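# Reading the structure
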Amino acid sequence: MKIIKTKNYQDMSRKAANIIAAQVIQKEDSVLGLATGSTMLELYDDLVSRYRAGDLDFSKIRSVNLDEYLGLHPSNPQSYRYYMDQNLFNNINIPVENTYLPKGMVDDADMECAAFDALIESLGGIDLQLLGLGLDGHIGFNEPGDAFIKESHCVLLNPSTIKANSRFFEHEDDVPRHALTMGMGAIMKAKAVLLCVNGKAKAPILKQVLYGPITPRV
């Protein structure tokens with residue numbers, strides 16, 4: 001594990017973009033595991049700028065996203081498909097058919113999760129997985145629990161996660177209570193993992209992640 005301490009959010013975003021850009025350049029058909037959230041916004045802006053400058057080509061890249069809210073249509077501005085389209089996919093030359101997220105509008109969440117795991121396997125696994133960190137220690141929507149869940153699954157979101165995500169919605173009651181998330185198995189099978197954490201509020205949980213015991217609670 002290599003810890004890169006940066007000056008500020010902008011510096012973190014630029015250095016994270018350097019790592020992703022290097023992956024894209026070194027392996028033009030890489031499978032990128034992507035994440036959403038405010039932490040990633042400037043990182044994605046940086047990648048878009050490099051593409052527009054002619055420095056990056058995403059035409060053979062495949063991407064899989066960590067998670068999606070259950071019950072939100074892709075056109076909903078709060079869905080993660082919408083987030084990815086607006087902040088990255090629509091602004092680079094990645095074919096839309098090469099971008100994969102769990103489908104939130106499904107009748108059978110378990111079947112969708114199994115299909116998503118099969119998809120990741122069919123792509124040969126993830127070359128580089130981008131992660132953020134929740135205030136309660138979750139990655140993706142793998143909330144603190146009693147055991148690591150390897151497979152993609154439908155999860156009941158913790159009240160703290162709902163409260164944290166409510167800033168993106170008009171009312172807290174509008175935040176979906178369930179989400180589909182990639183499991184720890186696919187995440188930890190990635191050839192490389194890039195965890196981006198920013199802000200004083202996340203310092204305590206980051207300390208636990210880096211220096212505390214390995215536990216499904218964190």
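Higher on the page you've got the structure.
In short, a report on the structure. Everything quoted here is computed from the prediction, not taken from an experiment.

### Section: the layout of surface pockets
Leftover empty space is mapped by rolling, across the atoms, a probe with the size of a water molecule. As a volume, the second largest pocket reaches approximately 740 Å³. Every residue lining the second largest pocket is counted, 37 residues in all, and those nearest its centre are Thr36, Gly37, Ser38, Asn165 and Arg167. For the lining of the second largest pocket, the secondary structure elements donating two or more residues are β3 (67–69), α3 (80–87) and α5 (159–165). Grouping the amino acids of the lining of the second largest pocket by side-chain chemistry returns 18 nonpolar, 15 polar and four charged.

### Brief notes about the environment of Leu88
Mapped onto the elements of the fold, Leu88 is located in the loop between α3 and β4 (99–100). Leu88 sits 23 residues away from Asn65 along the chain, and the two C-alpha atoms are 12 Å apart. Every residue in contact with Leu88, bar those within four places of it in the chain, is listed here: Leu34, Tyr44, Leu47, Val48 and Tyr83.

### So, helix α4 (residues 109–122)
If you check α4, its first and last C-alpha atoms are 20 Å apart, about what 14 residues at 1.5 Å a residue would give, namely 20 Å. Listing the buried residues of α4 in full gives Ala109, Glu112, Cys113, Phe116, Leu119 and Ile120. Axial view of α4: buried residues confined to an arc of 120°, hence all on one face. Opposite its buried face, α4 presents the exposed residues Asp110, Met111, Glu121 and Ser122, each directed more than 90 degrees away. Those residues of α4 that are buried lie in contact with β2 (62–65), β4, β6 (153–156), β7 (178–181) and α6 (184–189). Regarding α4, its N-cap is Asp108, as a side-chain oxygen of that residue lies 3.2 Å from the backbone nitrogen of Asp110 further along. Phi turns positive, to about 90°, at Gly124, one or two residues after α4.

### Comments concerning the pattern of salt bridges
Two side chains of opposite charge can pair, provided their charged atoms sit close to one another. Overall, the coordinates contain nine salt bridges when judged by the stated rule. With its nearest N and O atoms 3.3 Å apart, the salt bridge here joins Arg81 to Asp85. Separated by four residues within a single helix, Arg81 and Asp85 lie in helix α3, roughly one turn from each other. Taking the relative accessible area as the measure of exposure, Asp85 reaches 18% and is therefore buried. Where Glu121 meets Lys189, a salt bridge forms, and the shortest distance between an N and an O atom there is 3.7 Å. One end of the pair, Glu121, is in helix α4; the other, Lys189, is in helix α6, with 68 residues separating them in the sequence.

Rules and cut-offs
Position labels on residues start from 1 in each chain and follow its written sequence. Residue-level local features of this predicted model are given only where pLDDT is at least 70; pairs of side-chain atoms are given and counted only at 80 or more, and the full residue set underlies all totals for whole chains, interfaces and linings. Each side-chain value is worked out from all heavy atoms of the structure, with water and hydrogens disregarded. Think of a 1 Å grid over the protein atoms and nothing else: a 1.4 Å probe that fits but is trapped marks a cavity, an open set flanked by protein within 12 Å on at least five of seven lines marks a pocket, and residues with an atom within 4 Å of a point count as lining. Grid points are joined across faces, edges and corners, and a volume is the space filled by probe spheres set on the points. Helix numbering and strand numbering both begin at the N terminus, where a helix is a DSSP run of H or I of at least 4 residues and a strand a DSSP run of E of at least 2. Residue polarity is assigned by list, with Asp, Glu, Lys and Arg as charged and Ala, Val, Leu, Ile, Met, Phe, Trp, Tyr, Cys and Pro as nonpolar; anything else, Gly included, falls into the polar class. Contact definition: two residues touch when any of their heavy atoms are within 4.5 Å. By this rule, a helix spans an expected 1.5 Å times one less than how many residues it contains. A 1.4 Å probe rolled over the protein chains alone gives each residue an accessible area, and that area as a share of the maximum for its type sets the label: buried under 20%, exposed over 50%, partly exposed in between. It is the directions from the helix axis to the C-beta atoms whose arc is reported. Side-chain atoms alone can form a polar contact between residues adjacent in sequence; in general such a contact is a pair of N or O atoms within 3.5 Å, and within protein one must be able to donate a hydrogen while the other accepts it. Here, a salt bridge means any Lys or Arg side-chain nitrogen found within 4 Å of an Asp or Glu carboxyl oxygen.

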